[in-house]
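Chain by chain, the residues:
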Amino acid sequence: LRAAEGRRFLAAMERRDVPALFWYAFNTGAWINQNRDSVAAVARAHLVEAAMLRVVELEPGYYHAGAHLFLLTYYASRSPMMGGSPEKARHHYERVRSLAGKDFLLADTYFARYYLVQTQAREAYLQRLTSVTRAAAIDSRHRLLNRVAVERAGIYLGAVDRLFD
C-alpha cells in the first residue's frame, strides 16, 4: 500500500475491526522482526506502527492493552534515527500499566528489556526483572502471559552482561 492508501484504509477501520487490525499488525511486526535483514520487510514497519496506533485510538485496552505493549517495544527498540523514541516508549508503558493493571508482568519485562537497555539503566533493569521473577505466584487474569513474562525475565537477567556496557 502507498502511504495515502494506507492512511485512508486505517481511517475507515471501526471498533469492530480491532481484532483483525491488531492481529494483522502483530503478525506483520513479528514477520518484520524475523526478517530484519530484508529491506522489503523493514519498509513495512511504518504500516505496523500506524495500524497499532489506530488500534489504540479505537480500543486501547484490547488484548491486555496489546497495542500499547507493542508500541512500547517498537519505540524502545529502535534508534531515534529509525523512528524510536524513549519518550513514546515510556508513554505506552504507562498506558499498558494503566489499562491492563500493575499485575500484567509483560509490561515490566518488556520495559526492562527494551527501554531500560536502550537507556542503559542497568540497575533499574536488574531490579525490574528480579521483581518480575519473584512475582511468579501472582494469581491474576493474566496468568498465561505472566508465566511468559517470568520465563523471559529469567532469560533477560542471564543476558545482562551482553546488553550493558
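Residues numbered from 1 in each chain as written. Predicted model: local features only at pLDDT ≥ 70, side-chain atom pairs only at ≥ 80, totals over all residues. Heavy atoms only, no water.

> Would you mind showing me how to read the environment of T73 here?
Of note, T73 is situated in helix α5 (residues 62-77). Sequence spacing of T73 and Y110 is 37 residues, and the spatial spacing of their C-alpha atoms is 6.6 Å. Sequence-distant contacts of T73, that is, excluding residues within four places in its chain, are made with Y110 and Y114. (Helix = DSSP H or I, 4+ residues; strand = E, 2+ residues; numbered from the N terminus. Contact = heavy atoms within 4.5 Å.)

> What am I meant to see in helix α9 (residues 143-158) here?
Residues spaced three or four apart along an α-helix point in a common direction, a consequence of the helix completing one turn every 3.6 residues. Over its 16 residues, α9 extends 23 Å from the first C-alpha to the last, a length consistent with the 22 Å expected when each residue adds 1.5 Å. In this fold, the buried residues of α9 make contact with α5, α7 (105-118), α8 (122-134) and α10 (160-163). (Expected span 1.5 Å × (residues − 1).)

> How should the nonpolar core be read in this particular structure?
A general trend in soluble globular proteins is that nonpolar side chains are found buried together. If you look at the biggest cluster of nonpolar residues, it comprises 51 residues, and the most contacted ones within it are M52, L69, L72, V96, F104, L106 and Y125. Going through the elements one at a time, α2 (18-34), α4 (45-58), α5, α6 (86-100), α7, α8, α9 and α10 are the ones with two or more residues in this core. Considering each element in turn, this core owes the most residues, ten residues, to α5. Ignoring anything within four residues of it in the chain, the contact list for M52 reads F22, A25, F26, A67, F70 and L71. (Core = buried A, V, L, I, M, F, W, Y, C linked by side-chain atoms within 4.5 Å. Buried < 20%, exposed > 50% of the residue type's maximum accessible area, 1.4 Å probe, protein only.)

> Where do I start with the pattern of salt bridges in this structure?
Any two side chains of opposite charge can pair, on the condition that their charged atoms come close. One pass over the structure, following the stated rule, counts eight salt bridges. In this structure, the salt-bridge partner of E14 is R16, at a minimum N-O distance of 3.0 Å. Using a relative accessible area of 41% as the deciding quantity, one classes E14 as partly exposed. Judged by its relative accessible area of 68%, R16 falls in the exposed class. When salt bridges with common partners are traced through the structure, they connect R97, D108 and R128 into a single cluster. (Salt bridge = Lys/Arg side-chain N within 4 Å of Asp/Glu carboxyl O.)

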